[in-house]
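Remarks on the overall topology
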Amino acid sequence: MTRILLKDQISRLKDQFGSDIAVVSNLDSLDELFRKYIGRNGLLRDLTSTIKDLSAEEKRTCGTELNQLKDFLTSKLEEAKMTLKRKLEGGEKIDYTYPFSAQTGREHPLYSTFEEIITIMERLGFEIVEGPEIEKEEYNFDFLNIPKEHPSHDIWNTFYVSEGKVLRSHTSPVQVRTMLSKKPPIKIVAPGKVYRPDTVDAGHLPVFHQLEGLYVDENVTLPHLKGTLEVLAMQLFGEVETKFRASFFPFTEPSLEMDVSCVICKKKGCPTCRYSGWIEILGAGMVNQKVFKNVGYPENKYSGFAFGLGIERITMIKYQIQDIRYLIENNFRFLKHFI
Ligand code: PHE
């Protein structure tokens, strides 16, 4: 056996294989072909045994050719087996009756609440502005009259990004940016994300959303603030009562918090309102004259009000969601309940 002769034999074997496999119509006869060509006593084995007397060099080249032949036969046989099986199973099965429904996306309840509040505020003449989430430390604190020793400066309450930069811990720095860039009248709302290093539980997330409001002009008074917030509460929750309580923020004087009567129990007392009948929804107040001074406004010329509300909180009250974590899980079954 020489190499030339072997090549000739290989090509003849391939021809024979070609005509054999062409007529195979069932798995049994295909099995026979497996045995006939690559089985233990098959034709490939016969050919392989003929090269044992060749020189080492020739053995190597012929060996390679025989290996290629084996690969060729094996892949053809496997392919034929797959085709045959598919044919016997009646081809690829598609169940055209299988129920199919395309699920359309929908707006997240948090953003519907945002939209709703913004629409109400726009109708009241407020313009939307935005500020950066990575904020100058001095806009987040100093300009807002938050002294260095105030606990919110502490690293536990604010994320520090780099020297002089923080992840804003509230949307109030947008007040500062707006007042630094223009003179009153100013009537803006600033929606956006805020960050605090809180541990996640049913009521806290380290990232949440706020909406800041600011109205500055000559002769803006506390009744303007109360009127505006009452309209907002009514339009958001329907017929609710509102109540203002004295509070404290360094950037407003006087400061207050607004409660709405519990939308769930209608003041009868339930776990959501902690049996008090009232739910706190926002912080507000008349802009502290010190803030006007910090942004370079003339003394005692302007007055204004500001408020800040938490969107998650409002969404939870509105849709009676017990746990804030539902709002970030993106569980479609949960989200489907809204809209
Ligand atoms: N920035 C305050 C907070 O995050 C809310 C607030 C805004 C209070 C504007 C008064 C005026 O708690």
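Our subject is the structure that appears above.
All values derive from a computational prediction rather than experimental measurement. (Residues numbered from 1 in each chain as written. Predicted model: local features only at pLDDT ≥ 70, side-chain atom pairs only at ≥ 80, totals over all residues. Heavy atoms only, no water.)

Let us now look at the site of the ligand. As a structural note, the neighbourhood of the ligand is formed by 14 residues, with H170, S172, R196, Q210 and G308 the closest of them. A distance of 2.9 Å is found between a nitrogen atom of the ligand and a side-chain nitrogen or oxygen belonging to H170. Interatomic distance of 2.9 Å between a side-chain N/O atom of S172 and a nitrogen atom of the ligand. If the ligand stood free it would expose 320 Å²; the protein chains cover 88% of that surface. Among the elements that line the shell around the ligand, the one with the most residues is strand β10 (residues 303-310), at 3 residues. The residue makeup of the shell around the ligand, split by class, is 5 nonpolar, 7 polar and 2 charged. (Near = heavy atom within 4 Å. Polar contact = N/O pair within 3.5 Å; in protein donor to acceptor, adjacent residues only side chain to side chain. Areas by Shrake-Rupley, 256 points an atom, 1.4 Å probe, with all protein chains shown as cover. Helix = DSSP H or I, 4+ residues; strand = E, 2+ residues; numbered from the N terminus. Nonpolar A, V, L, I, M, F, W, Y, C, P; charged D, E, K, R; others polar.)

Secondary-structure assignment places F141 in the loop between α6 (137-140) and β3 (159-162). Taking the relative accessible area as the measure of exposure, F141 reaches 1% and is therefore buried. C-alpha separation for the pair F141 and S152, spaced 11 residues apart in sequence, amounts to 8.5 Å. (Buried < 20%, exposed > 50% of the residue type's maximum accessible area, 1.4 Å probe, protein only.)

A few words now on the sheet that holds strand β7 (residues 242-249). Reading across from one edge, β1-β5-β6-β10-β9-β8-β7 is the order of the 7 strands in this open sheet, with mixed pairing throughout. For this open sheet the edge positions go to β1 (127-128) and β7, each flanked by a neighbour on one side alone. Bridge analysis of β7 against strand β8 (residues 252-261) gives 7 bridges, and the strand direction is antiparallel. Its bridge partner lying in β8, F244 is registered against M258. (Pairing = 2+ DSSP bridges.)

What follows concerns the nonpolar core. Core analysis: the biggest nonpolar cluster contains 45 residues, and I117, L211, F237, I281, F307 and L309 have the highest contact counts within it. Looking at this core, the elements that each hand over two or more residues are α5 (109-123), β6 (207-217), α8 (222-237), β8, β9 (278-287), β10, α10 (311-319) and α12 (332-335). Excluding anything up to four places from it in sequence, L309 contacts I117, H209, Q210, L211, L232, I281, L282 and I314. By size, the runner-up hydrophobic cluster in this structure holds 22 residues, among which are M179, I186, V216 and V295. (Core = buried A, V, L, I, M, F, W, Y, C linked by side-chain atoms within 4.5 Å. Contact = heavy atoms within 4.5 Å.)

Turning our eyes to something else, we now look at the layout of surface pockets. Counted as a void, the second largest pocket has a volume near 180 Å³. What lines the second largest pocket is a set of 13 residues, and nearest its centre among them are Y111, F114, E130, P191 and G192. Among the elements of the structure, α5 and β5 (186-195) are those that each provide at least two residues to the lining of the second largest pocket. A total of 4 residues in the lining of the second largest pocket trace back to one element, the largest contributor, which is α5. Each residue belonging to the lining of the second largest pocket can be placed in one class, and the counts come to 5 nonpolar, 3 polar and 5 charged. (1 Å grid on protein atoms, 1.4 Å probe; cavity = no way out; pocket = protein on both sides within 12 Å on 5 of 7 lines; lining within 4 Å. Points joined across faces, edges and corners; volume = space filled by probe spheres on them.)

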